[in-house]
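The residues making up each chain are set out below.
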Amino acid sequence: GLQTARSGSQYDVETTTWKRVQHSATLNDDAERGGLVWLVVAGSEPLDERVVATLRGRGDSVTVLQKGAAFEQLADDYFSCDPNQEADVEKVCAASVRELPPEKRLRVIYFCNPSEPQPADRIAVAYQQEVDDKINAPIVLIRSLIKHAKADMISMTIVTRNGQEILGLPAPALAKLR
C-alpha cells in the first residue's frame, strides 16, 4: 500500500485571531430545510459519539474525523487521522464539502481531548499534547477548511472538556449536560 511519512509542522509561529460572529438563523432557512451538514472532529469520549448519533438521527449529513495515528478512510463519511497532519486533514475537509451546495453552511464541531492532571515528570510531554490538541490541530483544521469552502459559510464550535469555569455552572448542573 501507499505509505505516508509523518511530517512535522512547517510553521514555526502561528498567529490566531478569533472573531465571534453572530449569524442570523433566518438568513438561510430555505437552504437549511433539507438537513444540516456537519464535520465532527471527535476523540474517543462518549459525548462525541452521542453528538454524532444525535445529528445523524435527526437526518443531518455528518462527516466524522476520528482522532487517530494515521490516515484511514473507514467509510464514505468516516475518517481517522492525526489532526495535526495537514495533508490528511485536508483530505477529510475536501470530502466533507464535496457535495455541499453553495448556499449551505458547513457546521464544524471540534472536540478537544480531556485534560488530565499529570505527575511532574510528564508535564512537558502533556503540555505539548495539549498545545497540539487545543491550538495546533484547530489551526490546521481552519486552514484546511477555508481551502475548500468560503469562510463565511463555515460555523465552528470548539468543545473543551472540563469547561465548568467557562460555563459558570455548578457541577450538578454540568452533569445534566453529559
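Residues numbered from 1 in each chain as written. Predicted model: local features only at pLDDT ≥ 70, side-chain atom pairs only at ≥ 80, totals over all residues. Heavy atoms only, no water.

Attention now moves to the overall build of the protein chain. If you tally the helices and strands in the protein chain, you get six helices and six strands. Along its sequence from the N terminus, the protein chain presents helices and strands in the succession α-β-α-β-β-β-α-β-α-β-α-α. A buried classification covers 35% of the 178 residues belonging to the protein chain. Counting only carbon and sulfur atoms, one obtains 54% of the accessible surface of the protein chain, whose full area is about 11,500 Å². (Helix = DSSP H or I, 4+ residues; strand = E, 2+ residues; numbered from the N terminus. Buried < 20%, exposed > 50% of the residue type's maximum accessible area, 1.4 Å probe, protein only. Areas by Shrake-Rupley, 256 points an atom, 1.4 Å probe, with all protein chains shown as cover.)

For the rest of this paragraph, the subject is the confidence of the model for the protein chain. A residue-level look at the protein chain finds 71% of positions with pLDDT of 70 or above and a mean pLDDT of 78. Predicted confidence is poor over residues 22-30, with pLDDT under 50, and the contacts of this stretch with residues over four places away or in other chains come to six contacts. Note that pLDDT drops below 50 for residues 164-171; the model gives that stretch eight contacts with residues more than four away or on any other chain. (pLDDT = per-residue confidence, 0-100. Contact = heavy atoms within 4.5 Å.)

Time to look at the nonpolar core. Counting residues in each nonpolar core, the largest one holds 22 residues, and the members touching the most others are Leu39, Val89, Leu106, Val108, Leu141 and Leu145. Looking at this core, the elements that each hand over two or more residues are strand S1 (37-42), strand S4 (78-81), helix H3 (86-97), strand S5 (106-111) and helix H4 (123-148). For this core, the element with the highest residue contribution is H3, accounting for five residues. Not counting the four nearest positions on each side in its chain, Val89 is found in contact with Leu65, Cys81, Asp82, Pro83, Val140, Leu141 and Ser144. Of all hydrophobic cores here, the second largest spans 10 residues; its members include Trp38, Val62, Val64 and Phe111. (Core = buried A, V, L, I, M, F, W, Y, C linked by side-chain atoms within 4.5 Å.)

Our next topic: the pattern of salt bridges. Taken as a whole and judged by the stated rule, the model has nine salt bridges. Among the salt bridges present, the one from Arg58 reaches Asp60, with a minimum N-O distance of 2.6 Å. Here Asp60 falls in the buried class, since its relative accessible area comes to 9%. Of the charged contacts in the structure, one is a salt bridge between Glu90 and Lys147, with a shortest N-O distance of 3.1 Å. Within this pair, whereas Glu90 is found in helix H3, its partner Lys147 is found in helix H4, the two being separated by 57 residues in sequence. Overall, the relative accessible area of 23% leaves Glu90 in the partly exposed class. Among the ionic contacts, a cluster of salt bridges with common partners joins Lys67, Glu130, Asp133 and Lys134. (Salt bridge = Lys/Arg side-chain N within 4 Å of Asp/Glu carboxyl O.)

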